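# Summary of structural features
Here is what each chain is made of, one letter per residue.
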Amino acid sequence: MSLEAGTTYENMECLGYDHLVEHWLPEGTKSHKTYRNLKDSLTMAGGRQSEAIGRESVNYDVKTPHKENSMPLHVLDEILNTPKLELATFDGEKQVILDEIDEHLDSPDDHVWDLAYKLMYGHQPFGVSLSSLGTRESIIQASPENVITRYCKQYQPSNMKLVVAGNIKASAIFHQAEEFFGKKESTERIVTPNIKFNNRVNERVLFEDKNLNQIHVTATLTHDMLKRHSNLVLPLEILDYILHRKVFDALVSKGKLAYTAYSVLDLYATHGYIGASFSVNPLNIEKALVKLMKALQSNITRRDLAIGKATLKRVKTLDLADTDDFTEFIIRQRRTGNGEVCDPDKISQLIEQVKLEEVLDLHEAIRKKTPEYKIAAIGPITDLIARRIESAVV
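Read on for a plain summary of the structure. In this text, all values refer to a predicted model and were calculated from it rather than measured experimentally.

About the criteria used
- Residues numbered from 1 in each chain as written.
- Predicted model: local features only at pLDDT ≥ 70, side-chain atom pairs only at ≥ 80, totals over all residues.
- Heavy atoms only, no water.
- Helix = DSSP H or I, 4+ residues; strand = E, 2+ residues; numbered from the N terminus.
- Rg over C-alpha atoms; globule rule 2.2 N^0.38 Å.
- Buried < 20%, exposed > 50% of the residue type's maximum accessible area, 1.4 Å probe, protein only.
- Contact = heavy atoms within 4.5 Å.
- Areas by Shrake-Rupley, 256 points an atom, 1.4 Å probe, with all protein chains shown as cover.
- Disulfide = S-S within 2.5 Å.
- Pairing = 2+ DSSP bridges.
- Phe/Tyr/Trp six-rings, centres within 6.5 Å; stacked < 30°, edge-to-face > 60°.
- Patch = residues over 30% accessible without salt bridge, like charges linked within 9 Å, V, L, I, M, F, W, Y side chains within 5 Å.
- Salt bridge = Lys/Arg side-chain N within 4 Å of Asp/Glu carboxyl O.
- Core = buried A, V, L, I, M, F, W, Y, C linked by side-chain atoms within 4.5 Å.
- Axes fitted to C-alpha atoms, helices over the stretch in contact; angles between N-to-C directions.
- Parallel < 35°, antiparallel > 145°, perpendicular 65-115°, else oblique.
- Left-handed = near helix turned anticlockwise from the far one by under 90°.
- Nonpolar A, V, L, I, M, F, W, Y, C, P; charged D, E, K, R; others polar.

Looking only at helices and strands, the protein has 16 helices and 9 strands in total. What you see for the protein is a C-alpha radius of gyration of 23 Å, in line with the 21 Å of a compact globule of 394 residues. By principal-axis analysis of the C-alpha atoms, the protein measures approximately 60 × 50 × 40 Å. Sorting the 394 residues of the protein into buried and exposed places 50% on the buried side. Long-range contacts, defined here as pairs at least 24 residues apart, represent 80% of the contacts in the protein between residues at least 6 apart. With the model as given, the accessible surface of the protein reaches about 19200 Å², and the carbon-plus-sulfur share is 50%.

A few words now on the state of the cysteines. Taken as a whole and judged by the stated rule, the model has 0 disulfides. In this structure cysteine 14 is a free cysteine whose sulfur lies 14 Å from that of cysteine 152, the closest cysteine sulfur available. We classify cysteine 152 as partly exposed; its relative accessible area is 43%.

Next up on the list: the sheet that holds strand 2 (residues 48-53). Pairing within the open sheet is antiparallel, and its 4 strands lie in the order 2-3-1-4. At either end of the open sheet lies a strand with only one pairing partner, and these are strand 2 and strand 4 (160-161). With 2 bridges connecting them, strand 1 (residues 2-4) and strand 4 associate as antiparallel partners. What sits directly across from serine 2, in strand 4, is lysine 161.

Glancing now at the environment of leucine 305. Structurally, the position occupied by leucine 305 is in helix 12 (residues 302-316). Along the primary structure leucine 305 and leucine 360 are separated by 55 residues, whereas in three dimensions their C-alpha atoms are 9.6 Å apart. Beyond its immediate sequence surroundings of up to four residues, leucine 305 is in contact with Ile238, Ile242, Val354, Lys355, Leu356 and Val359.

Attention now moves to unusual backbone geometry. In the Ramachandran plot, serine 131 falls in the positive-phi region, its phi being about 55 degrees despite a non-glycine side chain. Along the chain, the position of serine 131 falls in the loop between helix 6 (125-128) and helix 7 (136-141). Among the residues examined, serine 131 registers a relative accessible area of 27% and is labelled partly exposed.

Turning our attention to the packing of aromatic side chains. Summed over all chains, the structure comprises 10 aromatic pairs. Taking 5.9 Å as the distance between ring centres and 35 degrees as the angle between the ring planes, the aromatic pair formed by tyrosine 117 and phenylalanine 126 counts as tilted. For tyrosine 117, a relative accessible area of 3% puts it in the buried group. With 5.2 Å between their ring centres and 70 degrees between their planes, tyrosine 121 and phenylalanine 126 make a pair best called edge-to-face.

Our focus in this paragraph is a nonpolar patch on the surface. Where nonpolar side chains cluster on the molecular surface, the patch consists of Leu162, Val164 and Ile168 and spans about 190 Å² of accessible area. One can find isoleucine 168 in the loop between strand 4 and helix 9 (170-182).

Formed by 50 residues in total, the largest nonpolar core has its most connected members in Leu251, Ile274, Phe278, Ile285, Leu289 and Leu292. Ranked by the residues each element gives to this core, the list is headed by helix 10 (residues 233-253), at 10 residues. Those residues in contact with isoleucine 285 that sit more than four places away from it in its chain are Ile215, Val217, Phe278, Val280, Ile385 and Ile389. With 39 residues, the next largest nonpolar core counts Cys14, Leu20, Leu85 and Ile139 among its residues.

It is worth spelling out the pattern of salt bridges at this point. Across all of its chains, the model carries 9 salt bridges by this definition. Of the charged contacts in the structure, one is a salt bridge between arginine 245 and aspartate 304, with a shortest N-O distance of 3.4 Å. Here aspartate 304 lies in helix 12 and arginine 245 lies in helix 10, a separation of 59 residues in the sequence. For arginine 245, a relative accessible area of 29% translates into the label partly exposed.

What follows is about the pairing of strand 9 (residues 374-379). By the criterion of burial, strand 9 is predominantly enclosed, with 6 of the 6 residues buried. Of the two faces of strand 9, the one holding Lys374, Ala376 and Ile378 and the one holding Ile375, Ala377 and Gly379 are both buried throughout. Both strand 5 (residues 205-209) and strand 9 contribute to a ladder of 5 bridges, which runs parallel. Residue pairing across strands places phenylalanine 207 opposite alanine 377, the latter belonging to strand 9.

Along the polypeptide, leucine 38 turns up in helix 2 (residues 35-44). Overall, leucine 38 belongs to the buried group, its relative accessible area being 0%. In this structure, the C-alpha to C-alpha distance between leucine 38 and tyrosine 9, residues 29 residues apart in sequence, is 29 Å. If we ignore the near neighbours within four places in the chain, the residues touching leucine 38 are Pro26, His32, Gln49, Val75 and Ile79.

Now for the packing of helix 10 against helix 15 (residues 356-367). Axes are the key here: two packed helices are described by the angle between their axes and the distance separating the axes. One can describe the packing of helix 10 onto helix 15 by two numbers: an axis separation of 9 Å at closest approach and a directional angle of 70 degrees. With respect to helix 15, the element helix 10 is oriented roughly perpendicular. Relative to helix 15, helix 10 is oriented so that their crossing is right-handed. Between helix 10 and helix 15, the residues in contact are Pro235, Leu236, Ile238, Leu239, Ile242 and Leu243 and Glu358, Val359, Leu362, His363 and Ile366, respectively. When its residues are assigned to classes, the contact of helix 10 with helix 15 shows 9 nonpolar, 1 polar and 1 charged.

All quantities given are derived from atomic positions and should not be read as evidence of function.
Next comes the structure, spelled out in structure tokens:
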């Protein structure tokens, strides 16, 4: 089950509350006193359950053998519709999330993206929340009453997408879904808020000085066309894999400046960004940034297009025999398409139909905004290194 929740739907007063709800719900249900009881009952049946939160959704997954095919929706019904939400477990879940935040902040590869989001989105939830975790302050200040209010608002059938894959009959699933979720009173569908970019010219770089051996860097660019528009998604994804290869070659395989480097394309409902990330020795930071910007602007050939298409096909159809991957595939299709769910063969055909001109037009639109790239960095940032970074970007 995928729910519309997370940073996209939060405001500054409830940062991380959807993360708290995600942690708290399974801690006790109508039929299972504790999370361990719930896990044990699934394990005894040969199944498992997990949950995860992102910036736009919270996903609750249940997997069981075919002979127990009525069990997953029973479990989802208990977690989502009849959680106990006992006060005795609330503080424990808060501490778990605080520990997650500390672990996140201790990882420079992850934390540098917090700086990047702050540069791109400024003082709004997307720019302040640490990934989809919230902040230490917001989690510490959260009360059980406010989190329960958040649960009641977000966890409505109108905000849920149910995806089922396996050896099942659709009629049986529809009957169960109607039984468990069809009769629940639902509020109006929550509208996706319009996230605004931080376009202040004087906020193009953000550094955090930290005693590390390497500098961890992101270069990101926001653009009005970078969002989940069905006509642009596939060309943009192909462009991303083309740029990924160019960035990796420039900094790693040929440039020998970094151990790892990759491009990034993140598309949300109303906004998105493209960019790259790498880690480098402080002495090579200026040279690495110059090579990165050249790689992002370099010309795209038909050979690049063919490699980008082949890579995207492999990614789109990877391991779809596994029901976990297939359900995720369907959810992505629902989010990025026009509502139609395409099978892997159809996706491959659509990828093959993308023309070089489409990718070139997108790339040119991005190249024109090269001076607007924002640079975030964590590591031993001296005044000299800060000047080198700023001069390399200019």
